[in-house]
Amino acid sequence: MIKGKTKYLIGCLFILVFRMQGLAQPSSNLTKADSITWDLYVKQDWRALRNAANEALKQGIDFYYLRMRLGIASLELNKAISAEQHFRQALRQAEGDETARQYLSLALHYQGKTTEAGSQEKKLSDATRQKVGIKHGFRLLSAHADAGNIFRENPKGLDFDQLTHEEGIFGQEHFYDDNQFYDAGLYFLSGPVLQWYLGFQHISIQATDRFAYQEQQLQQDSVVTNLFGQNYYYSLQTNRQLKDFRHQLKQQAVYLQAQWAGSDRWWWLAALQLCRVGRDFTLPDYTTVTVTDTLFFDPASLSLGLFDTEIGTTIFSDVSWSTTDYSFGLFSRYHAGLLSFSGGITLASVNDTSVTQLNAGYQLRPFGNLTLTHQGELIYLNHDQQQQLAYRLSLAWKPGQKILLEADLLAGKLNNLSEQYGYIVYNNPEVVNSRFEAGFSWLAAPHLQLQLRYRLHQYQRRYDYLSLEQDELKTAYYPTTSHTVIGGIIWIF
């Protein structure tokens, strides 16, 4: 049913109907359509009213009150987009009419178009806003808090033979352990057409630098005694080593978004993310060291002979690395009935490398309400003089007033790509091929919504090995996945 704050509007509509019936001189068909729809409106038989009004429109009968009744019936039947179109038509037929304007705003609110609705509300008179209870200025909309855990497959990495490939000399890889992350944010309005989001995120990951290499050691084989003393004989042994160095990666991010509605059909959104990342890396270096040992010993004269030889060894050193990255994006969306079209550009720095991203997409609500929403998006990325493409498909289904089910697929070359207006940036060390996400939301109380999400990422993890034939490090990959579970709460003010 229509919310209580709109009862004043219904009363206004009753008065206007009686005024029309007393002053207008309609044709017989118009009078019949007006009488039938008015009777069904009073009885609140919304489905029959909608059928009768649509039949009248097919016959070429169209007037302000017919559109208003049809719009209200559509709202009651949870067809907010259809209601929006009828209230728009009513507003064209009665330009400046505040009742039609407020109902249009209500239909936009039912579609989640908060700032677009505000573009109509700000045109209402102060008296009307006070009677309907519309308040402008600073207003909290919602606050959320989320906690997630990422479970990675192949968390132990490769063994010596796998990491050194077929060469068996040297190999290295860098990978993350399982980790947790936390984020929270706040949505609020500073005016009827200006909505803000302020968010924070904290991530802490144990990162492993693994090295497989051969370590040379001088091994004493035998001691031979003769008339002159003792002679010592040695051999050079090569041992296989697999060594891990563990470091902590920490990432802190802050997000700021501003959404402004230029009209009730389109909005602009500016998004800024600042991200501070820091961790230590272990670097290998192959060098030679001089080893001194006994060559012979003469017990009679107590003379000792020594020798020097050079052997190869690998030494490791730690370096600290940190960066402050950013992502700035400008996006727009235009609503055209059941379809909405969107586009945007993002300029970012990811690991001190410039990234340019272009987005173009659409949103379809085939039933004219929030019951089913489908989105598609094409993404172009230019990073380090490399061009990448990705696409996104999503589906959201609302089987009831309290439950929302979502499925989302993002595939292509995703490294350094940003989504959700820069809220997520794929700066993983692995090559990211795809991400699938499923979500469940439940309105547990009038002001409390609970969420549970699952994400599946498909990666290609990189490792490097020494090729003797080319005397250089070669790069190879192996597949791996991660599973992410996120729980969250949203408080609706």
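Procedures and definitions
- Residues numbered from 1 in each chain as written.
- Predicted model: local features only at pLDDT ≥ 70, side-chain atom pairs only at ≥ 80, totals over all residues.
- Heavy atoms only, no water.
- Helix = DSSP H or I, 4+ residues; strand = E, 2+ residues; numbered from the N terminus.
- Buried < 20%, exposed > 50% of the residue type's maximum accessible area, 1.4 Å probe, protein only.
- Expected span 1.5 Å × (residues − 1).
- Arc of directions from axis to C-beta.
- Contact = heavy atoms within 4.5 Å.
- Core = buried A, V, L, I, M, F, W, Y, C linked by side-chain atoms within 4.5 Å.
- pLDDT = per-residue confidence, 0-100.
- Pairing = 2+ DSSP bridges.
- Axes fitted to C-alpha atoms, helices over the stretch in contact; angles between N-to-C directions.
- Parallel < 35°, antiparallel > 145°, perpendicular 65-115°, else oblique.
- Left-handed = near helix turned anticlockwise from the far one by under 90°.
- Nonpolar A, V, L, I, M, F, W, Y, C, P; charged D, E, K, R; others polar.
- Salt bridge = Lys/Arg side-chain N within 4 Å of Asp/Glu carboxyl O.
- Polar contact = N/O pair within 3.5 Å; in protein donor to acceptor, adjacent residues only side chain to side chain.
- Phe/Tyr/Trp six-rings, centres within 6.5 Å; stacked < 30°, edge-to-face > 60°.
- Lys NZ or Arg CZ within 6 Å of the ring centre and 35° of its normal.

Asker: Break down unusual backbone geometry for me, citing the residues and quoting the values.
Answerer: At Asp352, a residue that is not glycine, the phi angle is positive and equals roughly 65 degrees. Not every positive phi belongs to a glycine, and Asp384 is a case in point at roughly 55 degrees. Among the structural elements, Asp384 can be located in the loop between strand S10 (372-383) and strand S11 (386-397). In this structure Asp384 comes out as exposed when scored by relative accessible area, which is 51%.

Asker: Tell me about helix H3 (residues 46-58), and name the residues and values.
Answerer: In this model H3 runs 18 Å from its N-terminal to its C-terminal C-alpha over 13 residues, within 8% of the 18 Å that 1.5 Å per residue would give. For H3, every residue scored as buried is listed here: Trp46, Leu49, Arg50, Ala53 and Ala56. An end-on view of H3 places all buried positions within 125 degrees of arc, on one side of the element. Opposite the buried face of H3, at more than 90 degrees from it, the exposed residues are Arg47 and Lys58. Contact partners of the buried residues in H3: helix H2 (28-43), helix H4 (64-76) and helix H5 (80-93). Remark: Gly60 follows H3 within two positions and exhibits a positive phi of approximately 85 degrees.

Asker: Go over the nonpolar core, please, and point to the residues and values.
Answerer: Counting residues in each nonpolar core, the largest one holds 30 residues, and the members touching the most others are Met68, Leu75, Phe87 and Tyr103. In terms of residue count, the dominant contributor to this core is H4 (eight residues). Other than its neighbours up to four places away in sequence, Leu75 contacts Ala80, Ala83, Phe87, Tyr103, Leu106, Ala107 and Tyr110.

Asker: Describe the confidence of the model for the protein, and please don't skip the residues or the numbers.
Answerer: For any part of a model where pLDDT is low, the fine detail of the predicted coordinates should not be relied upon. With 95% of its residues at a pLDDT of at least 70, the protein reaches an overall mean of 90. Across residues 1-26 the pLDDT falls below 50, and counting only partners more than four positions away or on other chains, this stretch makes 40 contacts in the model.

Asker: Which residues make up the environment of Ala407, and what are the values?
Answerer: Of note, Ala407 is situated in strand S12 (residues 403-412). In sequence terms Ala407 and Ile205 are 202 residues apart; their C-alpha atoms lie 27 Å from each other. Excluding residues that lie within four positions of it along the chain, Ala407 makes contacts with Leu393, Ser394, Leu395, Phe436, Glu437 and Ala438.

Asker: For the pairing of strand S7 (residues 303-336), give the residues involved together with the corresponding values.
Answerer: Two strands pair when backbone bridges link them, and strand S6 (residues 266-298) and S7 are joined in this way by 32 bridges, in the antiparallel orientation. Along S7, the bridge assignment pairs Leu269 with Phe331. Bridging between S7 and strand S8 (residues 339-350) involves eleven bridges; their strand directions are antiparallel. In the sheet register, Tyr326 faces S8, and the bridge partner there is Ser349. Connecting S7 to the next strand, S8, in antiparallel fashion are two residues, including Gly337 with a positive phi near 75 degrees.

Asker: Hey, could you go over the packing of H3 against H4 for me, with residue numbers and the actual values?
Answerer: Viewed as axis vectors pointing N to C, H3 and H4 meet at an angle of 140 degrees, and their least axial separation amounts to 9 Å. The orientation of H3 with respect to H4, classified from their angle, is oblique. In the crossing of H3 with H4, the sense of the turn from one axis to the other is left-handed. Contacts between H3 and H4 involve Trp46, Leu49, Arg50, Ala53, Asn54, Ala56 and Leu57 from the former and Leu66, Arg67, Arg69, Leu70, Ile72, Ala73, Ser74 and Glu76 from the latter. Of the residues belonging to the contact of H3 with H4, the class tally is nine nonpolar, two polar and four charged.

Asker: So what's going on with the pattern of salt bridges? Residues and values would help.
Answerer: Following the criterion strictly, the structure yields 20 salt bridges and no others. The partner of Glu84 in a salt bridge is Arg88, with the nearest N and O atoms 2.7 Å apart. Highlighted residues: Glu84 and Arg88, both in helix H5, separated by four residues, approximately one helical turn. Of the two residues, Glu84 and Arg88, neither departs from the other in class, the shared state being buried.

Asker: Summarise the side chain of Ser235; cite the residues concerned and give the values.
Answerer: Tracing the sequence through the fold places Ser235 in strand S5 (residues 229-261). Within polar-contact distance, the side chain of Ser235 engages the side chain of Asp221 at 3.0 Å. Not counting residues within four places of it along the chain, the set of residues in contact with Ser235 comprises Gln217, Leu218, Gln219 and Asp221.

Asker: Please give an account of the packing of H5 against helix H6 (residues 98-110) that cites residues and values.
Answerer: It is the contact of H5 with H6, at a shortest axis distance of 9 Å, that shows an interaxial angle of 160 degrees. With respect to H6, the axis of H5 lies roughly antiparallel. When the axes of H5 and H6 are compared, the crossing they make is left-handed. Seen from H5, the contacting residues are Ala80, Ala83, Glu84, Phe87, Arg88, Ala90 and Leu91; seen from H6, they are Ala100, Arg101, Tyr103, Leu104, Ala107, Leu108 and Tyr110. Tallied by class, residues from the contact of H5 with H6 come to eleven nonpolar, no polar and three charged.

Asker: Lay out the pairing of strand S3 (residues 179-191) in plain terms, naming residues and giving numbers.
Answerer: Direction of pairing for strand S1 (residues 139-152) relative to S3: antiparallel, over a ladder of eleven bridges. Of the residues in S3, the one forming a bridge with His144 is Gly185. Bridging between S3 and strand S4 (residues 194-226) involves eleven bridges; their strand directions are antiparallel. Of the residues in S4, the one forming a bridge with Tyr187 is Tyr197. What sits between S3 and S4 in their antiparallel hairpin is a turn of two residues.

Asker: I'd like to hear about the side chain of Arg455, residue by residue, with values.
Answerer: Its location among the elements puts Arg455 in strand S16 (residues 448-467). Each residue touching Arg455, except ones within four places of it in the same chain, is listed here: Gln420, Ile424, Phe436, Glu437, Ser482, His483, Thr484 and Ile486.

Asker: An account of the packing of aromatic side chains is needed here, citing residue identities and associated values.
Answerer: A complete count under the given rule lists 20 aromatic pairs for this structure. An aromatic cluster of at least three residues, connected via ring pairs, comprises Tyr187, Tyr197, Tyr255 and Tyr423. The lysine or arginine in question, Arg279, covers the ring of Phe281, its NZ or CZ lying 3.8 Å from the ring centre.

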